Amino acid sequence: MAKVIGAVVVNNEECKGCGLCVVACPQDVLGQNKQVNSRGYHYSFMKNPEACIGCSNCATVCPDTCITVYRVKI
Amino acid sequence: MGELRLMKGNEVIAEAAIRCGCDAYFGYPITPQSEVMETLMDREPWDETGMVVLQAESEIASIHMIYGAAASGKKVITSSSSPGISLMAEGISYIAGAELPCVIVNVQRGGPGLGTIQPSQADYWQSTKGGGHGDYRLIVLAPSSVQEMNDFVELGFKLAFKYRNPAMILTDGVIGQTMEKVILSDYIPRLTDEEINEKYGSWATNGRKPGRQRNIITSLEMDSGRMEQNNLRLQAKYAKMEEEEVLFEEFQCEDAEYLLVAFGSSSRICQKTVDLAREKGIKVGLLRPITLFPFPKKPIAALAKQVKGILVVEMNAGQMVEDVQLAAGCAIPVKHFGRMGGIIPSPGEVVEALEQKLIGG
Amino acid sequence: MELKDIINPNNLVYEKPELLTENTMHYCPGCSHGVVHKLLAEVIEDLDIQDKTIGVSPVGCAVFAYNYIEIDWQEAAHGRAPAVATGIARTNPDKVVFTYQGDGDLASIGAAEILHACNRGENMVVIFVNNGIYGMTGGQMAPTTLIGQVTATTPNGRDVGRNGYPLKITELIAQLPGTSYVTRQSVHTPATIRKCKKAIAKAFQAALDKKGTSFVEVVSTCNMNWKMTPVKANEWMVENMFPFYVPGDLKDSSKADPESYTPLKN
Ligand SMILES: Cc1ncc(C[n+]2csc(CCOP(=O)(O)OP(=O)(O)O)c2C)c(N)n1
Ligand code: SF4
Ligand code: SF4
Ligand code: SF4
Ligand SMILES: [Mg+2]
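Residues numbered from 1 in each chain as written. Chains lettered and ligands numbered in written order. Predicted model: local features only at pLDDT ≥ 70, side-chain atom pairs only at ≥ 80, totals over all residues. Heavy atoms only, no water.

Trainee: Would you take a moment to explain the domain arrangement of chain B for this structure?
Mentor: How big an interface is tends to be stated in terms of accessible area lost as the parts join. All names here are of chain B. Segmentation of chain B into domains returns domain 1 (4-183) and domain 2 (248-359). Taking only C-alpha atoms into account, the centre of domain 1 sits 27 Å from that of domain 2. Each partner contributes to the interface: domain 1 provides 27 residues, whereas domain 2 provides 24 residues. For the pair domain 1 and domain 2, the summed buried area comes to about 2100 Å², and 54% of that belongs to carbon and sulfur atoms. (Domains from an automatic or database assignment. Contact = heavy atoms within 4.5 Å. Buried area = accessible area lost by both parts, 1.4 Å probe.)

Trainee: I would appreciate a short explanation of the sheet that holds strand β13 (residues 291-293) of chain B in the present structure.
Mentor: Strand pairing in a sheet relies on backbone hydrogen bonds, with the paired strands running either antiparallel or parallel. All names here are of chain B. Across the sheet, which stays open at both edges, the seven strands sit in the order β3-β2-β4-β5-β7-β6-β13 with mixed pairing between neighbours. Among the strands making up the open sheet, the edge pair consists of β3 (52-55) and β13. Direction aside, the axes of adjacent strands within the sheet are offset by 20° on average. With respect to the sheet, helix α7 (residues 146-163) is in contact with β4 (76-80), β5 (102-108), β6 (139-141) and β7 (166-172), its orientation differing from that of β6 by roughly 170°. (Pairing = 2+ DSSP bridges. Helix = DSSP H or I, 4+ residues; strand = E, 2+ residues; numbered from the N terminus. Axes fitted to C-alpha atoms, helices over the stretch in contact; angles between N-to-C directions.)

Trainee: For this particular structure, what's the right way to read the interface of chain C and chain B?
Mentor: Contacts between chain C and chain B engage 39 residues on the former and 37 residues on the latter. A combined buried area of about 2800 Å² lies between chain C and chain B, and 53% of that area is made up of carbon and sulfur atoms. When residues of chain C are sorted by the area they lose upon contact with chain B, C:Asp72, C:Glu75 and C:Thr91 head the list and together hold 21% of the total. Linking chain C to chain B there are five salt bridges. In this structure, C:Arg80 engages B:Glu90 in a salt bridge whose closest nitrogen and oxygen atoms are separated by 2.7 Å. Taken together, the elements giving at least two residues each to the side of chain C that touches chain B come down to β3 (72-76), α3 (81-91) and α5 (111-120) of chain C. At seven residues, the largest contribution of residues to the side of chain C that touches chain B is made by α3(C). Looking at the side of chain C that touches chain B, its residues break down into 16 nonpolar, eleven polar and twelve charged. As paired strands, strand β9 (residues 216-217) of chain B and β3(C) are joined by two bridges and run parallel to one another. Note that in β3(C) the partner of B:Ile216 across the bridge is C:Trp73. (Salt bridge = Lys/Arg side-chain N within 4 Å of Asp/Glu carboxyl O. Nonpolar A, V, L, I, M, F, W, Y, C, P; charged D, E, K, R; others polar.)

Trainee: Where do I start with the pairing of strand β4 (residues 96-102) of chain C in this structure?
Mentor: Along any regular strand, the residues point their side chains to alternate faces of the sheet. Residue and element names in this part refer to chain C. Most of β4 is tucked away: six of the seven residues are buried. Looking at chain direction, strand β2 (residues 53-58) and β4 are connected through four bridges and run parallel. Looking at the pairing, Ile 54 lines up with Val 97 of β4. Strand direction decides the pairing type here: β4 and strand β5 (residues 124-130), joined by five bridges, are parallel. Pairing of Phe 98 across the sheet is with Val 125, part of β5. (Buried < 20%, exposed > 50% of the residue type's maximum accessible area, 1.4 Å probe, protein only.)

Trainee: Help me understand the pattern of salt bridges, please; the structure alone is not making it clear to me.
Mentor: Once their charged atoms are close, side chains differing in charge can pair, the charge on each being opposite to the other. Residue and element names in this part refer to chain B. Considering all chains together, one arrives at 41 salt bridges over all chains under this definition. The partner of Arg 43 in a salt bridge is Glu 48, with the nearest N and O atoms 2.7 Å apart. Between Glu 99 and Lys 237 there is a salt bridge, and its shortest N-O distance comes to 2.9 Å. Placement of Glu 99 in the loop between α5 (82-97) and β5 and of Lys 237 in helix α10 (residues 224-244) is noted, with a sequence separation of 138 residues between them. Judged by its relative accessible area of 11%, Glu 99 is buried. A relative accessible area of 10% places Lys 237 in the buried class.

Printed below as a string of structure tokens:
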């Protein structure tokens, strides 16, 4: 079976730190940053990037559409 | 050229709407104006011109249907009578705030409350000073004949589109129900979508065509500075109307020593009053405001320098009299004579009032 | 493989739909409105109908929806969007018109307008975001508020004796002959969001096919006024709202056949 690896890019400034993407990720890739963005939100980031499978669940649930998802089959 | 017919005022509104290329009428039945929608439904203009006619679930719905259609660049009209216009007040304020054109006909009946189905002119304040919330104005046209019921539909639309502002035809049960000779206007074709886009594409919300920005129709602005600017823009528009759109008519004012001021059906009575009074040797003239907003302040101010007193005759407790007083100033007396409850004053009664309130006084 | 090799336009699988504007949404973090907006943008883009879609956004938190999707919009008074949409749809029969209404807007102040528009079978789509509360004005009771639910105007919980029963307006709407497709969806998980998108797409297709009114309720959260985190709010919704507002299709047919109504013999 082909393995897929993925990666996400979070728009740090647009992220409102709601945490919905964190719980939507089946691979526990995402976490909320200790840092805040200029609007004071703990923006989401890949705390565990190797585990990402590019399934887009995180981007799908994001109300502010600040996640872009990439995926490659290897 | 125009077709000569014998028709009721209300029927003429319907006929004029079809003929002037209206896209839609939305309304709700109420006496004394239900013939407007009844005539339209009977005429079935959807087959003839494509005009939509819809009986809405309420006046609230009618006026918001008008909002939606007007915001897409369509030429739309509604009609009602006093209690129904009160319900429309919300939508009228939104239409004025979002700067949309439309024509609203108020065939007034007596109030307050459910009042009476008999004619009245007690919605003068509601029409000219607001009615709904916020600083807005309607263009208010007051017909005094069935012919003007015809003519003011197209005039209303002309002004409404020129200023992107709602226009009201403020009439009453007398003119709505009276049968008179009328020369109907010739047909004007409805605008096609392409023509609407060409004329109003910069604002009409009828689908964002490639290459243009999205259009947004709204009266909402949360930024105080910008909201004040919006209000100032509206005020500038109203000032321009006052400069350019005032309409009025004078009867026998040249040598007048006394002046009657009356609009709509009251002005019809006052024309007879002038004749009666002059037979008695009283030199009286009549000024009839045709536009109630913008109000003919200047001609009234000019006549106030000539006459000894002014009598304002209205079928209400005294509403327009305040505007006449403001225009005339304090040098001469300005009095009011009115009947209410659906009672139409007789010309003789008005002569008596003139004698009692101005000449004898 | 390095991250920079994966993050490459050729490998793109999810991005912001083009029809969403660059404006940052004014919604609270985690608000359901944002997800529904995104789905709308995607559906309108997929159907390629941005040149003929007109949105109507009445008063409620989503009154500013017009700032976020690149189509023509009309803002409407509280509750009146179905009348406004009727005015547009009747005079623009070749356009696609939708309303985007909250539960206070649709089920309370605008109850008359929505029932009559649906009963006439106006050719339009209704997106009904039911978060069980008045979000915009600070969390007062809505007609949809559950029994016992605490809001600003039911500080001790909604009481039937004082406040009446929660209103299942979607069930009422489904009874109306003018509606063709009536469904209840949610947007709290990737799977339900994908399902909700299909429902919205179906509703818009029905409008294109002139099938009368299609109605999509989205059971939603208002984490701000429910005073919960967005994640907790989703859990609360599943636990408390779903048993009463049961997700699923309520009607999937076509507008009632006029022939089935016997006319009076004149
Ligand atoms: C005529 C009128 N009455 C009241 C209001 C105040 N108001 C604004 S939004 C709202 C409730 C909105 O609730 P809902 O429709 O459920 O939308 P939400 O904000 O929850 O998405 C109210 C009562 C108003 N704007 N206009
Ligand atoms: S794409 Fe899938 S696996 Fe990757 S972070 Fe998002 S949810 Fe997790
Ligand atoms: S769902 Fe979106 S807004 Fe919320 S934390 Fe994740 S990236 Fe940020
Ligand atoms: S108040 Fe509620 S509905 Fe409004 S934006 Fe915030 S979370 Fe959303
Ligand atoms: Mg709500």
